[in-house]
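Observations on the model geometry
Residue-level listing of the chains:
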Amino acid sequence: MKNNWPLWEVFVRSKNGLEHRHFGSIHAADAEMALENARDVYTRRNEGVSIWVVESKHITASNPENSGELFEPAQDKIYRHPTFYTLPDEVKHM
Amino acid sequence: MKNENKIQYIYGIADNALILGQRLSELCGHGPNLETDIAMTNMALDLLGQTRSYYQYVAQLSGDGKTEDDIAFLRIERQYKNVLLVEQPNRHFGYVITRQFFYDAFHLLLLEELQNSNDETVAAIAKKAIKEVSYHQRFSSDWIKRLGDGTEESHQKVQEAVDDLWKYTDELFHMTDDDKIAVENGVGVNTYDLREKYDQRIREVFEEATITIPETKWFQKGGKQGIHSEHMGYLLSDLQYMQRTYPNMKW
Amino acid sequence: MSEKEIKNHGAEHSLSLEEIFEQRIARDEKIEPKDWMPEKYRKTHIRQISQHAHSEIVGMLPEGNWITRAPSLRRKVALLAKVQDEAGHGLYLYSACETLGISREELYEQLHTGKAKYSSIFNYPTVTWADMGAIGWLVDGAAIINQVPLCSTSYGPYARAMIRVCKEESFHQRQGYEIMITLANGSPEQKEMAQDALNRWWWPSLMMFGPTDAESVHTAQSMKWKLKRKTNDELRQQFIDQTVPQAELIGLTIPDPDLKWNEEKKGYDFGKIDWDEFWQVVKGHGPCNKERMTARVNAWEKGEWVRNAAMAYAKKQEDKKLKKAI
């Protein structure tokens, strides 16, 4: 009988105030075990204060083939950035 | 309270951590899965860390120049005061988890009281260890449930381990003369008082795990008096090998 | 889009997917799991990353051999933590490999059937405590030299795994060298034990960098994909040059009568490596090849009922939840 543990993605908050960051993956049979395994594998050196785990198959990822249409249109919208606007040097606090 | 009594009392706790830590370290690299291997090694490291804190304190109490290593490696078998349960071999994963579960449930109850010890060092060690052991208990309880209520094969295997190891649980609550002196002096924990909670904890987890507690009324004891099972000698020959073969050297 | 950009864009269209891919790597862009990649890139990475992962977990065995016999509590916890790290590193690397569309179970299968290789050094026995020192010092030392450049390799998940590995591994070599220092400064017996370990581990460590450049089949391609930054011989030279003074510092002798400083190349000349021995071990006839594989296969097979139990339990719990919801 082949009954392999599914793959989970692990997100760790290294300290309060920071966002959870993708740390890596582990295998586990259920969510409880996934949390425990993530703790045992990824926080051995005091790296975290909070862990999220999600089974990898539940993640929907954008396709790199579409990255042109998804992300390139944002490249020329330079007016979204503060440096687009010219102000005299004398103006402070802006 | 005389130092010698206190030392003996501490051995009764610390030696369990050493011997169980040693048993768990045998498994490093041989676990059923990488994740589980890493988790069990974490427990071994916790237990060995606790062992060191206790032995360093004993070394200080005894004041005869002995180090934590002399205490860990250079006593004779009769001087180790661990219970029989923790020295039982890693027959299979079911045994490892059952042994761990039986010990964790006791260990946590013990530490929760021990943190109120009037000996500050002992109390501090206990307080730190509680966090580690709470996690051990969570880990071993979860696994008892997975094995007990998993497949037919796993159920049968963990039940076999329970049937075999149950007879060593009673000894956890025995009190030696040194234990009693420690209790009278506010240093130690009266383990008789932990029994009810322990049984309840075991029953709860076993019920979920669909595991039956054996009916036996026959229990084994002796470890606390230094009379161990035959497994202990082999465990010690491994543990002590270097210190015995090359005496009086620094490593 | 500027005119220049539009022109470039147009030019790229005339390139094949593969050419674009190679250009991205040349520009130091990272390749991520779902990106298009040539089949050969995928296969080569699966081979190299899994070989690396296998080396980590097989590498737990020779050192695991001494955990229960470590001579002090301090050494015991350090060794235990180190061997555990190797399990962690194996895990990171298997995960990186899995992003290429192969499961950890399949990778194990390749290891267990002898289809996949692992570092040959782990087929030598650890016969004394000093071997823990020598492995940490030499084997981890050699591994670090091999691994550091991989932190900037082209495949994103591999590079990220390697960053974590290198960060964690920094204590491993120190752990080993400290053991050697203690032995070298100890009793005559201890010093002899240290020298004996160095004698046995020196040459296999040099072999860890792989065949000489003239013999190496993968080097050119690996360089292009940044799986390699320097050649086997360059890395070997670097290892020797940094290790010889470390041995001298603690009064140990490198077991190579031909070892000699070469002022011209600012490096050591060294004796001939016994490549027959290397190939013998690679082909499965080293002192412990069989033992290592048996241990791995046993752990996996004896763990099967445990893994099955966890899955069965998870399913039952899931079913219970569903029932409750209805």
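Below, the structure is looked at part by part. (Residues numbered from 1 in each chain as written. Chains lettered and ligands numbered in written order. Predicted model: local features only at pLDDT ≥ 70, side-chain atom pairs only at ≥ 80, totals over all residues. Heavy atoms only, no water.)

1. So, the overall build of chain A
- Secondary structure assignment for chain A yields two helices and three strands.
- The N-to-C order of helical and strand elements in chain A reads β-β-α-β-α.
- For chain A, buried positions account for 31% of its 94 residues.
- Contacts in chain A between residues at least 24 apart in sequence constitute 42% of all its contacts with a sequence separation of at least 6.
- Counting every atom, chain A has about 6,600 Å² of accessible surface; 54% of that belongs to carbon and sulfur.
- Computed over 11 positive and 14 negative side-chain charges, the inter-centroid distance for chain A is 6 Å. (Helix = DSSP H or I, 4+ residues; strand = E, 2+ residues; numbered from the N terminus. Buried < 20%, exposed > 50% of the residue type's maximum accessible area, 1.4 Å probe, protein only. Contact = heavy atoms within 4.5 Å. Areas by Shrake-Rupley, 256 points an atom, 1.4 Å probe, with all protein chains shown as cover. Lys, Arg positive; Asp, Glu negative; His and termini not counted. Charge placed at Lys NZ, Arg CZ, Asp CG, Glu CD.)

2. Focus on the interface of chain A and chain B
- Of the residues lining the interface, 12 residues belong to chain A; the matching set on chain B comes to 12 residues.
- Surface buried jointly by chain A and chain B totals about 1,200 Å² across both partners, of which 50% is contributed by carbon and sulfur atoms.
- By the criterion of area lost to chain B, the three top residues of chain A are Trp5, Glu36 and Asp40 of chain A, representing 42% of everything that side buries.
- There are three salt bridges connecting chain A and chain B.
- Between Asp30 of chain A and Arg146 of chain B there is a salt bridge whose closest N-O contact spans 3.5 Å. (Buried area = accessible area lost by both parts, 1.4 Å probe. Salt bridge = Lys/Arg side-chain N within 4 Å of Asp/Glu carboxyl O.)

3. Some details on the interface of chain B and chain C
- Between chain B and chain C, the contact holds 48 residues from the first and 49 residues from the second.
- Counting the surface lost from both chain B and chain C, the interface buries some 4,100 Å², and carbon and sulfur atoms represent 69% of this.
- For the pair chain B and chain C, the number of links is two salt bridges.
- The salt bridge involving Asp149 of chain B is made with Lys316 of chain C; its shortest N-O contact spans 3.1 Å.
- Linking chain B with chain C are 15 residue pairs in polar contact (both at pLDDT 80 or more), by the criterion used here. (Polar contact = N/O pair within 3.5 Å; in protein donor to acceptor, adjacent residues only side chain to side chain.)

4. A short note on the packing of aromatic side chains
Residues and elements named next belong to chain B.
- Applying the stated criterion to the full structure yields 31 aromatic pairs over all chains.
- When the centroid spacing of 6.2 Å and the interplanar angle of 35° are considered together, the rings of Phe101 and Phe102 count as tilted.
- Among the aromatic residues, those joined into a ring-pair cluster are Phe101, Phe102, Trp166, Phe206 and Phe219.
- Here Arg75 stacks its cationic end above the ring of Tyr80, 4.4 Å away from the centre of that ring.
- Between Arg91 and the ring centre of Tyr95, over which it is positioned, the NZ or CZ distance is 5.0 Å. (Phe/Tyr/Trp six-rings, centres within 6.5 Å; stacked < 30°, edge-to-face > 60°. Lys NZ or Arg CZ within 6 Å of the ring centre and 35° of its normal.)

5. Here's the deal with the sheet that holds strand β3 (residues 50-55) of chain A
Residue and element names in this part refer to chain A.
- Taken together, three strands build an open sheet; the order of strands is β2-β1-β3 and the sheet is antiparallel. Of all strands in the sheet, those with a lone pairing partner are β2 (21-27) and β3, marking the two edges. Between one strand and the next, the sheet's axes are offset by a mean angle of 30°, whatever the strand orientation.
- Bridge analysis of strand β1 (residues 7-13) against β2 gives six bridges, and the strand direction is antiparallel. Opposite Val10, over in β2, you have Gly24 as the bridge partner.
- Across the face of the sheet, helix α1 (residues 31-42) comes into contact with β1, β2 and β3 while running at roughly 115° to β2. (Pairing = 2+ DSSP bridges. Axes fitted to C-alpha atoms, helices over the stretch in contact; angles between N-to-C directions.)

6. Description of the nonpolar core
- If you look at the biggest cluster of nonpolar residues, it comprises 195 residues, and the most contacted ones within it are Phe102 and Trp143 of chain B together with Trp129 of chain C.
- Here this core takes 15 residues from helix α2 (residues 34-62) of chain B, the largest share from any one element.
- With near-sequence residues (within four places) excluded, Trp143 of chain B lies in contact with Trp5 and Met33 of chain A, Thr36, Phe93 and Ile97 of chain B together with Val306 and Ala310 of chain C. (Core = buried A, V, L, I, M, F, W, Y, C linked by side-chain atoms within 4.5 Å.)

7. Some thoughts on the pattern of salt bridges
Residues and elements named next belong to chain C.
- Using the criterion set out here, one finds 41 salt bridges over all chains in the structure.
- Two residues, Asp28 and Lys226, come together in a salt bridge whose shortest N-O distance is 2.7 Å. Pair noted here: Asp28 is in the loop between α2 (17-26) and α3 (39-58) and Lys226 is in the loop between α10 (219-224) and α11 (232-249), with a separation of 198 residues, a long-range link.
- Since its relative accessible area comes to 13%, Lys226 is described here as buried.
- The partner of Lys82 in a salt bridge is Glu86, with the nearest N and O atoms 3.4 Å apart. Here Glu86 and Lys82 lie together in helix α5 (residues 73-98), a separation of four residues that amounts to about one turn. Glu86 carries the same exposure label as Lys82, and that label is buried.

8. A closer look at unusual backbone geometry
- Positive phi, close to 55°, is recorded for Thr210 of chain B, a residue that is not glycine.
- Tracing the backbone shows Thr210 of chain B in the loop between α9 (195-209) and α10 (231-245).
- Judged by relative accessible area, which is 40%, Thr210 of chain B ranks as partly exposed.
- Positive phi, normally seen in glycine, also occurs at Lys226 of chain C, with a value near 65°.

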